[in-house]
Structures are given as structure tokens and as C-alpha cells.
Amino acid sequence: MDVLKLGSYTFSSRLILGTGKFSNSRVMLEAVRASGAQLVTVALRRFNRQQAEDDLFGPLSAIEGITLMPNTSGASTAAEAVRAAHIARELSGSPFIKVEIHPNPQHLMPDPIETFEAARILAKEGFLVMPYIAADPVLAKRLEEVGCASVMPLGSAIGSGQGLATSEMLNIIIRESTIPVIVDAGLRSPSEAAHAMEMGCEAVLVNSAVAAAGNPPVMAEAFAEAVAAGRKAFMAGLMEKSGSAVATSPLTFLGTY
Amino acid sequence: MVNDMGVGFVGMYHGLHLWDTTKEIIKIMSQRITIALNGEEQPLPPDSSVGDLLSILGSDGKSVAVVVNDAIIRPENRSTHQLQQGDRVELLIFAGGG
């Protein structure tokens, strides 16, 4: 069976869903169910007595087959990310950690140096490290070498909906990588997710594209179908491209009539 | 816990001991400690444990991570871990995020 392998974990779904930016938790939970996602991201936030109902741990854990992947959002250094990872593991009981260190809120581009350092430390501590990175093949290789479970290069800026703007670099990362490559960030439409899968990505992570859709649960389902179709196409093997037309029908019959 | 009703009650039925009781209350009040809870001042009765703090906040603590002075306090240690004056306490939960 074709499954996504991350550490000793296997997942039949190759769609990872983010839980941010939804209008409310009810819609978010509905979208998670509709997506069939088995890995979902969550963020750490300070407890607030007035907003106790915002806590997502209970409702998400109640969905069967869900593994949580906390992120280190809010960290701007490796030390902060490591600290966040420890706290997150305490809460989630999950070894997955999405290392996300973006010091500049204007563009949210990940800091490669701090990300590498945090990933190195956390991988050594036994975390399944999923680093969110720019589409940099050299950095991706270095992260693989320090024991990350995957690399998660961005398709375009977080929440921008600009799609696979980095596809040239993604192709190199996919070709060179021996760990799963997961496109994280920037996708807007299911066709882009299908394209990423056809390119050979092992999974995609979407959040805004579903959360900010007109109907999030239906969009979640559309992404699930697109990811599955893209994966199937990749496994089937796409035909070679040709610089010129190649006929699919015999061209000789009319001429010899 | 001490409250206004308690003072009135004690005062009415134990008039002679009212002053002693008041002194006791003042003593307890002056012994209250202050911690920094998620960056904000929070007064607490002395000898409060992490578990006491969670009940004061109305949390069962199940999905809350507790960090005191940068050290994670695991659930099994919360009822015995006493908070001290000036402790920095962070309570964290999972919220939506991508």
C-alpha cells in the first residue's frame, strides 16, 4: 500500500491540514474531518481564562486517527523554538514538531540558520522534525543530514495564495532528497496541490487555502481528492514531454484511399 | 479561604475574638504572594501549588502546559509543586495554527 512514512509513523492521507485562520472551531473541525487529514498542525498560545473554549487539544484529539503536529510559530531563535518544542511535546504527546522560525512578520520567510540549529538539536533529542524552509536545495540536504523526518519547502509566501512559485527549486529538492518533501505554504487551489504531488512531493500542507475558502469543508475535500489524484498520477508515471506533435491516430488511411 | 461573610460571622459570634481574627486576616493577606502569570501579576494565597493555581483559574489542567521559571511541571507534580513569590508561570494551550 502506498503510504506516507515519517519516522516510524505511516499515513494513508497525504494532505496535512493547518488549523489557523478558520472563522470558528466548529468550521475548522468540520474541515479537518472532510479533509481526511491524519496529521494536523496546531500552535501554542497562552492560556486565557476568557477564551478557554479556544483550546483545540480536546476536540482535535476526539477525531479518530488524528496525530497532532505542533508548530514553533512565534519563535524567532533556535533556542525559543527548542523550548516551544519541549512544551508542545508535553501537551501533544506527539513526537512531531514543525520547526517554524520566521523573525519578520512582513514576509514570514523562515530563518535558515536558526531553523537548521533548532532542527539539529531536536532531531538529536528524538523529535520527528518537520522544518518549514525556503525552497533551498542546499539547506534541504543539510537538514536531511542532521536527521529531519522531512523537509517542508514553501511554494510561495505563507497565506499568499501564489501557488508553486518555487517549482524550479522544488524539483531540485525532490530529485536530491531521500526524505519526504512536503510543500508547505502558498497554495491556493487543489490543482496546485495536485501539481505538487505529480512533481513528486510526498505530501502537501495547506491551511489558508481551506480556512479562507468560501466553504472550508468542501474545499478541504477538494484538496484531499486533488492530492490523491496527483499522487496516483506520479505513481503511474507521467508520459515524456515532446518538443513536437506525436500523432495518436494513424495518418495514412485517407491518403491511400 | 477568607471572605467578608466569614469576617461578619466570626465577629458576631465571637465578639471578643474579633480583633484577633482581624489580625489573623491581615496576617494572611500580607502573606499573599505574587507570581507573574503569563506576564501579568497574579496574587495567590501562600503555599499555593500549581494545581491550586489551575483550580483558581477554573482549568482542569488537562490540556494546559505549565512552565514555572522555564521548567515544565508535569501533571503528576502539579499538586506538590509549590509556587513562590516572584515565580514566572506560563500556561500554554494549543490553538489554531498552520
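A short tour of the structure in this document, coming up. Quick caveat, the model's predicted, so the values are computed rather than measured.

**Some points on the nonpolar core**
With 68 residues, the main nonpolar core has A:L60, A:V129 and A:V204 as its most contacted residues. Per-element accounting of this core gives the leading share, eight residues, to helix α3 (residues 78–92) of chain A. Excluding anything up to four places from it in sequence, A:V129 contacts A:I97, A:V99, A:A119, A:L122, A:A123, A:C148, A:A149 and A:S150. Counting residues in hydrophobic clusters, the runner-up holds 17 residues, among them A:F47, B:I33, B:L83 and B:L91.

**Topic: the interface of chain A and chain B**
On the chain B side, the residues contacting the 28 residues of chain A number 23 residues. Approximately 2,300 Å² of surface area, both sides summed, lies buried where chain A meets chain B, with 62% of it carried by carbon and sulfur atoms. On the chain A side of the interface with chain B, the three residues burying the most area are A:R46, A:F47 and A:E90, jointly 30% of the side's total. Of the charged contacts in the structure, one is a salt bridge between A:R46 and B:E90, with a shortest N-O distance of 3.0 Å. Remark: the boundary between chain A and chain B carries 12 residue pairs in polar contact (both at pLDDT 80 or more). Elements supplying a minimum of two residues to the side of chain A that touches chain B: β4 (39–46), β5 (67–70) and α3 of chain A. Here the side of chain A that touches chain B gets seven residues from one element, more than from any other, and that element is α3(A). When grouped by side-chain class, the residues that make up the side of chain A that touches chain B number 11 nonpolar, eight polar and nine charged. Sheet topology places β4(A) next to strand β5 (residues 88–96) of chain B; five bridges connect them, and they run antiparallel. If you follow A:L44 over to β5(B), its bridge partner there is B:F94.

Conventions and cut-offs
- Each chain has its residues counted from 1, running along the sequence as written.
- For naming, the first written chain is A and the first written ligand is 1, with later ones following in the order written.
- Whole-chain, interface and lining totals are the exception, using all residues; otherwise, since this is a predicted model, local features are given only for residues with pLDDT of at least 70 and side-chain atom pairs are given and counted only at 80 or more.
- Calculation of side-chain values draws on the structure's entire complement of heavy atoms; hydrogens and water are dropped beforehand.
- Take the buried Ala, Val, Leu, Ile, Met, Phe, Trp, Tyr and Cys residues and link them wherever side-chain atoms come within 4.5 Å; each set so joined is a nonpolar core.
- The cut-offs for exposure are 20% and 50% of the maximum accessible area for each residue type, with area from a 1.4 Å probe on protein chains only; residues under the lower value are buried, those over the upper are exposed, and the others partly exposed.
- Only runs of H or I of at least four residues qualify as helices and only runs of E of at least two qualify as strands under DSSP, and these elements are numbered from the N terminus.
- Residues are treated as being in contact if the distance between any of their heavy atoms lies within 4.5 Å.
- Simply put, the buried area is the total loss of 1.4 Å probe accessible area from both parts when two parts are fitted together.
- Here a salt bridge means any side-chain nitrogen of Lys or Arg lying within 4 Å of a carboxyl oxygen belonging to Asp or Glu.
- The term polar contact refers here to a pair of N or O atoms within 3.5 Å; inside protein, the definition further demands a hydrogen-donor-capable atom paired with an acceptor-capable atom, and it admits residues adjacent in sequence only when both atoms are side-chain atoms.
- All residues other than Ala, Val, Leu, Ile, Met, Phe, Trp, Tyr, Cys, Pro, Asp, Glu, Lys and Arg, Gly among them, are scored as polar; the first ten of these are nonpolar and the last four charged.
- Whether two strands pair depends on DSSP finding at least two bridges between them.

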